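Each chain, letter by letter, is given below.
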Amino acid sequence: MTAERDRKVEARTAVEAMRNGVPSREAVRHLGSSQPRAEERFMTMLSEVQVGIGSASAHESMLISGDFGSGKSHLLAHFEHIALSEGFVCSRVSISKETPLYDLGKVFVSAMENGRIPERRGRMIEELALSLDPNSDEYVQFAHWADTAADNGQLSKMFPASLVVHEQCGDLELMSDIEAFWAGDRILISKIRAGLRQIDQVQHYRFTAPKAVELHPQRLRFAVELIKSAGYRGWVILLDELELIGSYSILQRGRSYAEVSRWLGLAGGGYSGLIVVAAVTEDFASAIISPDGPKKDRDYVRPKLEQSARHSNLGALADKGMHALERNCLAMEPPSYDDVITAMETLRDLYRQAYDWDPPAYEATAGGAGFRGRMRYRVRAAINEWDLHRLYPDYRPQTEMVDFMNIYMEDTDLENESEVTED
């Protein structure tokens, strides 16, 4: 009885998620993916990751594009399932007002908060810390890498200092503070120094707090190596809704394009063990970047950045990011007839389990005119029609669909944020 009830709850969870256009794990698990090119490329990226601590190879990345409702978020959720099954830590991050792409610190925190670890259910940073084994070869290599990187000026001494304190001090509160620092929170320098004094190591680690512009990339690099030292193959970060860049001011868009370069590994250096997949709407480049579009970022962004005292060094990186968004996107494939039949039969079976009611067969056709051919519209139409059939057996609904249009208007709240909060 319990197993039957659990199956019913799982089925209803999946149906309700699809009704609302949300790529829940249950829905993704049942429906899978109908994007063989993207999936093949993703699997290749996973297989090519260099697992060694401190490896000098750049990280792997992919851009995917598609219209609203074409299944971008669903595909990212499918990638999350694959990554976890292949031994990677995985984070899905939706770009939003609270997580603007131009702010690496906020995106990093979101990635840590939303991170999942294979066969673990706790908070990502806590599970990673519990997985560290100071006697393992991976940890020894990690500690050596952190010391060497700090000596070479690639990493603040704060990181190897915090690592040795976390390993040896035995102070649970301090260890928790250090883990929070690794995950993106602030920490008082005095706390790390106090920990160093406890273990008689203060003379070996002299440092000052780095600036935010230096700290955030270093924290990302440290986190990738931390993940590998805990026994995982690497870190997969899935960035959704990059089109939100279009709502930023021109300076914020320029900084965001520079961050696109970083996440795609185009900024130099890269992060070995990191895999990034980012999704954006199909018309973003033509509407926002192209000289033929209304905003013409290709013409105006770099000069605007170069006029800024704080961001004048980002012009070339912004150009690379814009070029990637224009030229390097892998377009979502429209569903084939077989894809539609398979998805609708799976959905029908889930609906049957969820409501103990046998829905009529959905008349599926391949393609379709414009937005009507997208899977999201088909799924929601089917669920709505089945709801009405179930509740009102004599009623024969006719579904009318209206396309969702992307309107790339600048958000004045974001535009008016102070430069201090953008750091």
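To be clear, the structure that these remarks concern was listed above.
A short tour of the structure in this document, coming up.

Procedures and definitions
- Residues numbered from 1 in each chain as written.
- Predicted model: local features only at pLDDT ≥ 70, side-chain atom pairs only at ≥ 80, totals over all residues.
- Heavy atoms only, no water.
- Helix = DSSP H or I, 4+ residues; strand = E, 2+ residues; numbered from the N terminus.
- Buried < 20%, exposed > 50% of the residue type's maximum accessible area, 1.4 Å probe, protein only.
- Contact = heavy atoms within 4.5 Å.
- Axes fitted to C-alpha atoms, helices over the stretch in contact; angles between N-to-C directions.
- Parallel < 35°, antiparallel > 145°, perpendicular 65-115°, else oblique.
- Left-handed = near helix turned anticlockwise from the far one by under 90°.
- Nonpolar A, V, L, I, M, F, W, Y, C, P; charged D, E, K, R; others polar.
- Core = buried A, V, L, I, M, F, W, Y, C linked by side-chain atoms within 4.5 Å.
- Phe/Tyr/Trp six-rings, centres within 6.5 Å; stacked < 30°, edge-to-face > 60°.
- Pairing = 2+ DSSP bridges.
- Expected span 1.5 Å × (residues − 1).
- Salt bridge = Lys/Arg side-chain N within 4 Å of Asp/Glu carboxyl O.

Here's the deal with the overall build of the protein
Across its full length, the protein holds 19 helices and six strands. Residue burial in the protein is summarised as follows: out of 423 residues, 49% are buried. Here the analysis covers contacts within the protein between residues at least 6 apart in sequence; of these, 75% occur between residues at least 24 apart.

Some details on the packing of helix H8 (residues 158–168) against helix H10 (residues 189–198)
Look at H8 against H10: their axes get within 9 Å of each other, and the N-to-C directions meet at 50 degrees. The pairing of H8 with H10 is recorded here as oblique in orientation. The element H8 and its partner H10 pack so that their crossing is left-handed. Here Met158, Ala161, Ser162, Val164 and Val165 of H8 come into contact with H10, specifically with Ile189, Ile192, Gly195 and Leu196. Residue classes in the contact of H8 with H10 are distributed as seven nonpolar, two polar and no charged.

Digging into the nonpolar core
Counting residues in hydrophobic clusters, the biggest one holds 81 residues, and the most contacted among them are Trp235, Leu242, Tyr257 and Trp263. When residues no more than four places from it in sequence are discounted, the contact partners of Leu242 are Leu63, Ile95, Leu101, Val260, Ala278, Ala279, Val280 and Leu325. Judged by nonpolar contacts, the second largest core, of 22 residues, contains Phe42, Met62, Phe88 and Met332.

Notes on the packing of aromatic side chains
Going through the model one piece at a time under the given rule, you end up with twelve aromatic pairs. Judged by centre distance (5.2 Å) and plane angle (50 degrees), the ring pair of Phe142 and Phe222 falls under tilted. Taken as a pair, Phe142 in helix H7 (residues 137–151) and Phe222 in helix H11 (residues 212–229) lie far apart in primary sequence, 80 residues in all. Here Phe142 and Phe222 have matching classes, each one buried. Measuring from centroid to centroid gives 4.7 Å for Tyr351 and Tyr355, while their planes differ by 40 degrees, and the two rings are tilted. Of this pair, Tyr351 and Tyr355 both sit in helix H16 (residues 337–355), four residues apart, which is roughly one turn of the helix.

Let's talk about the sheet that holds strand E2 (residues 89–94)
Strand order in this open sheet of six strands is E3-E2-E4-E5-E1-E6, and the pairing throughout is mixed. The outermost strands of the open sheet, each flanked by one partner alone, are strand E3 (115–116) and strand E6 (329–331). Here helix H3 (residues 36–47) sits on the sheet and contacts strand E1 (60–66), strand E4 (235–240), strand E5 (274–281) and E6; the angle it forms with E1, its principal contact strand, is near 165 degrees.

Considering helix H1 (residues 2–19)
Residues lying three or four places apart along an α-helix face the same way, a consequence of the helix completing one turn every 3.6 residues. Here H1 contains 18 residues, and its C-alpha end-to-end distance of 25 Å stays within 8% of the 26 Å for a straight helix at 1.5 Å per residue. Residues Ala11, Ala14, Val15, Ala17, Met18 and Arg19 constitute the buried set of H1. Lining the buried residues of H1 we find helix H2 (25–31), H16 and helix H17 (375–391). Of the residues trailing H1, Gly21 is marked for its positive phi of about 70 degrees.

Section: H8
Of all eleven residues in H8, nine are buried; the element is thus mostly enclosed. Of the positions making up H8, those classed as buried are Met158, Phe159, Pro160, Ala161, Ser162, Leu163, Val164, Val165 and His166. Among the structural elements, helix H6 (124–131), H7, helix H9 (172–182), H10 and H11 are those in contact with the buried residues of H8. Directly after H8, the chain includes Gly170, whose backbone phi takes a positive value near 80 degrees.

Some details on the environment of Ile250
For Ile250, the location among the structural elements is in helix H12 (residues 250–263). On the basis of relative accessibility, which here comes to 22%, the residue Ile250 falls in the partly exposed class. Those residues in contact with Ile250 that sit more than four places away from it in its chain are Tyr300, Val301, Lys304 and Glu410.

Topic: the pattern of salt bridges
One side chain can pair with another of opposite charge once the charged atoms of both are near each other. Per the stated rule, a full pass over the model turns up 22 salt bridges. A salt bridge links Glu80 to Arg116, with the nearest nitrogen and oxygen atoms 3.8 Å apart. Of this pair, Glu80 sits in helix H4 (residues 72–85) while Arg116 sits in strand E3, and the two are 36 residues apart along the sequence. Overall, Glu80 belongs to the buried group, its relative accessible area being 2%. Given the relative accessible area of 30%, Arg116 is considered partly exposed. A network of salt bridges, in which partner residues are shared, links Arg298, Arg302, Glu306, Asp319 and Glu326.

A word on unusual backbone geometry
In this model, Lys296 sits at a positive phi of 55 degrees, which is unusual for a non-glycine residue. Mapped onto the secondary structure, Lys296 falls in the loop between helix H13 (284–289) and helix H14 (297–306). Despite not being glycine, Asp356 shows a phi value in the positive range, around 50 degrees. Summarising the element assignment, Asp356 is placed in the loop between H16 and H17.

Remarks on the packing of helix H5 (residues 104–113) against H11
In helix packing, the relevant descriptors are the interaxial angle and the interaxial distance, both defined with respect to the helix axes. H11 packs onto H5 with a crossing angle of 25 degrees between their chain directions and a minimal axis gap of 9 Å. One element, H5, and the other, H11, form an angle in the roughly parallel class. Every pair of crossing elements has a handedness; the one defined by H5 and H11 is left-handed. In this structure, H5 uses Leu104, Gly105 and Phe108 to contact H11, whose residues at the interface are His216, Pro217, Arg219, Leu220 and Ala223.

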